[in-house]
Amino acid sequence: MQLRQIELFALRMRLRHPFETSFGREEDREFLLVRADAGDHVGWGEVTVSRDPFYCYETVETAESVLRNYLIPWTLSAPLAHPDDLAARLHQVRGHQMAKAGLEGALWDLYAKEQGIPLYQALGGERREIEVGISIGIEPTVDLLLAQVERFLGDGYRRIKIKIKPGKDYVPLRAVRDRFGDIPMMADANSAYSLSDIGLLQQLDELGLMMIEQPLSYEDIIDHATLAPQLKTPICLDECIHSPEDARKAIEIGAAGVLNIKIGRLGGLSASRKTHDIAQAAGIPVWCGGMLESGVGRLHNVAITTLGGFTLPGDTAASSRYWEEDIIDPEVEVTPHGTIVVPQGPGIGHAVREDMVRRLAHGHWTYRA
Ligand code: OSB
Ligand code: MG
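Figured I'd write up the structure that's included with this text. Worth saying up front: this structure is predicted, and the values here are computed from it rather than measured.

**Some words on the overall build of the protein**
- On a plain count of helices and strands, the protein comes out with 14 helices and 15 strands.
- A globule of 369 residues ought to have a C-alpha radius of gyration of about 21 Å, and the protein, at 20 Å, matches this closely.
- For the protein, the spread of C-alpha atoms along the three principal axes comes to 55 × 40 × 35 Å.
- Counting every position in the protein, which comprises 369 residues, the buried fraction comes to 60%.
- Surface summary for the protein: the accessible area is close to 14,400 Å², and the carbon and sulfur share equals 49%.
- Between the centroid of the 38 positive side chains of the protein and the centroid of its 52 negative side chains there is a distance of 2 Å.

Here it is as structure tokens:
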């Protein structure tokens, strides 16, 4: 890959419905897009950060800073044969996984386009249709939650994930079970509990959840390993897995029965694929998590989900669940039976609406090789 220039765009997009988790409420998504230009082909990646350091320490500003001062100049400093080689070049920068992932994602899209193949094939994926679920935020009332669940079941989503926090856990989940019966259902706590809440977490066991996602601290795997044998519900880790090595260790000590793979949190598609391979070898199912992505990040999520170990429906919902208008054409759609048909065109497979990106961008930086 012979890069000519890399551009960075700062975007703010209004969500159709505010999204509330145990760590806060988002009404606007703020994130970065990376455009990698090699002359004949252009690749796009999404830096899945947020404005605030509440899900993780990275923010729009930290990603912008580390991309501009280190990651982009180092990427442009010499040609790269394959996107898998980028991580080694950026290795000296510790952490900042989302910043690295957005840049690497643009190179993966570019690489696949140069090869004339879809991104999912470049990654070694095989599935042509992926199963998807929906992630529902904390709603102000049980009735509003039930209305959301009803709507998304009607849309065909294959599993319902509901955000919980202390005081908004057993009661709303019980109401969903009572109303909708034996639907595939799980909960995501985003680190809102500690080991002293074990009685409360054990109460959730009776709901027959597929799994509970990240009940304990965002930087813990030890307490999750202590908790796991005391629950019937499998534990799925999200926040505390930042690398394939983290995944290996969590699996080794019994902290995770399931893994949520987020490309941004893991530092890119290459690391996500490695994490998938480790989980698959250990018999641990994985699914693809989401960060309320625009169409660009969403299509990267679709591509990674085609790997064989993604045996559970992920959080990759339709563009229209988030946006009035997405920045890709066509938008990502979900079939009435809760699947996304994997695009077969080169790279991410859908066009990026560049005019719209340039119009929406409130920050724009260009770096030449
Ligand atoms: O914990 O998975 C999470 C959104 C923002 C931050 C963290 C999470 C989420 C979601 C939404 O659950 C997933 C999506 O619909 O993109
Ligand atoms: Mg989560």
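Having put the structure on the table, let's press on.
**Some thoughts on helix H12 (residues 295-304)**
- Of all the 10 residues making up H12, 10 are buried; the element is thus mostly covered by neighbouring parts of the structure.
- Along H12, the residues classified as buried are Gly295, Val296, Gly297, Arg298, Leu299, His300, Asn301, Val302, Ala303 and Ile304.

**Thoughts on the sheet that holds strand E8 (residues 212-213)**
- Here we have seven strands laid out as an open sheet, ordered E5-E6-E7-E8-E9-E10-E11, and parallel in their pairing. Of all strands in the sheet, those with a lone pairing partner are strand E5 (134-136) and strand E11 (286-288), marking the two edges.
- Pairing of strand E6 (residues 160-163) with strand E7 (residues 185-188) involves four bridges; the strand directions are parallel. Looking across to E7, one finds that isoleucine 160 is bridged to methionine 185.
- Against the sheet, helix H11 (residues 269-281) contacts strand E10 (258-261) and E11, and its axis sits at roughly 170 degrees relative to E10.

**A short note on the packing of aromatic side chains**
- One pass over the full model with this rule turns up six aromatic pairs.
- Ring centres of phenylalanine 23 and tyrosine 55 lie 6.1 Å apart, and the angle between their planes is 55 degrees; on these two criteria the pair is classed as tilted. Of the two residues, phenylalanine 23 is situated in the loop between strand E1 (5-21) and strand E2 (24-37) and tyrosine 55 in the loop between strand E3 (42-47) and helix H1 (60-76); the sequence distance between them amounts to 32 residues.
- Ring geometry for phenylalanine 152 against tyrosine 157: centres 5.9 Å apart, planes inclined by 75 degrees, an arrangement best described as edge-to-face.
- The ring of tryptophan 287 is capped by arginine 159, whose NZ or CZ atom sits 4.8 Å from the centre of that ring.
- A cation sits over an aromatic face here: arginine 321 above tyrosine 322, 5.4 Å from the ring centre.

**Observations regarding the nonpolar core**
- The biggest cluster of nonpolar side chains holds 124 residues, and the ones touching the most others in it are Leu67 and Leu259.
- Per element, the largest residue contribution to this core is 10 residues, and it comes from helix H3 (residues 97-115).
- Built from parts of two domains, this core gets at least three residues from each of domain 1 (5-116 + 353-368) and domain 2 (122-341).
- In terms of nonpolar packing, the next biggest core, distinct from the first, is built from five residues, Met186, Cys236, Val258 and Trp287 among them.

**Digging into the sheet that holds E2**
- If you trace the four strands from one edge of the open sheet to the other, you get E3-E2-E1-E15, paired in antiparallel fashion. The sheet is open, and its two borders are formed by E3 and strand E15 (363-368), each paired with just one other strand. Averaged over neighbouring strand pairs, the angle between their axes works out to 25 degrees when direction is ignored.
- Where E1 and E2 come together, 13 bridges link them in antiparallel fashion.

**Quick notes on the packing of helix H5 (residues 142-155) against helix H6 (residues 170-180)**
- The contact between H5 and H6 brings their axes to 10 Å, and the two run at 45 degrees. One way to sum up the angle between H5 and H6 is to call them oblique. Viewed along their axes, H5 and H6 form a crossing whose handedness is right-handed. The segment H5 lies against H6, with Val142, Leu145, Leu146, Val149, Glu150 and Leu153 engaging Pro172, Ala175, Val176, Arg179 and Phe180.
- Among the residues forming the contact of H5 with H6, the class breakdown is nine nonpolar, no polar and two charged.

Conventions and cut-offs
Residues numbered from 1 in each chain as written. Chains lettered and ligands numbered in written order. Predicted model: local features only at pLDDT ≥ 70, side-chain atom pairs only at ≥ 80, totals over all residues. Heavy atoms only, no water. Helix = DSSP H or I, 4+ residues; strand = E, 2+ residues; numbered from the N terminus. Rg over C-alpha atoms; globule rule 2.2 N^0.38 Å. Buried < 20%, exposed > 50% of the residue type's maximum accessible area, 1.4 Å probe, protein only. Areas by Shrake-Rupley, 256 points an atom, 1.4 Å probe, with all protein chains shown as cover. Lys, Arg positive; Asp, Glu negative; His and termini not counted. Charge placed at Lys NZ, Arg CZ, Asp CG, Glu CD. Pairing = 2+ DSSP bridges. Contact = heavy atoms within 4.5 Å. Axes fitted to C-alpha atoms, helices over the stretch in contact; angles between N-to-C directions. Phe/Tyr/Trp six-rings, centres within 6.5 Å; stacked < 30°, edge-to-face > 60°. Lys NZ or Arg CZ within 6 Å of the ring centre and 35° of its normal. Core = buried A, V, L, I, M, F, W, Y, C linked by side-chain atoms within 4.5 Å. Domains from an automatic or database assignment. Parallel < 35°, antiparallel > 145°, perpendicular 65-115°, else oblique. Left-handed = near helix turned anticlockwise from the far one by under 90°. Nonpolar A, V, L, I, M, F, W, Y, C, P; charged D, E, K, R; others polar.

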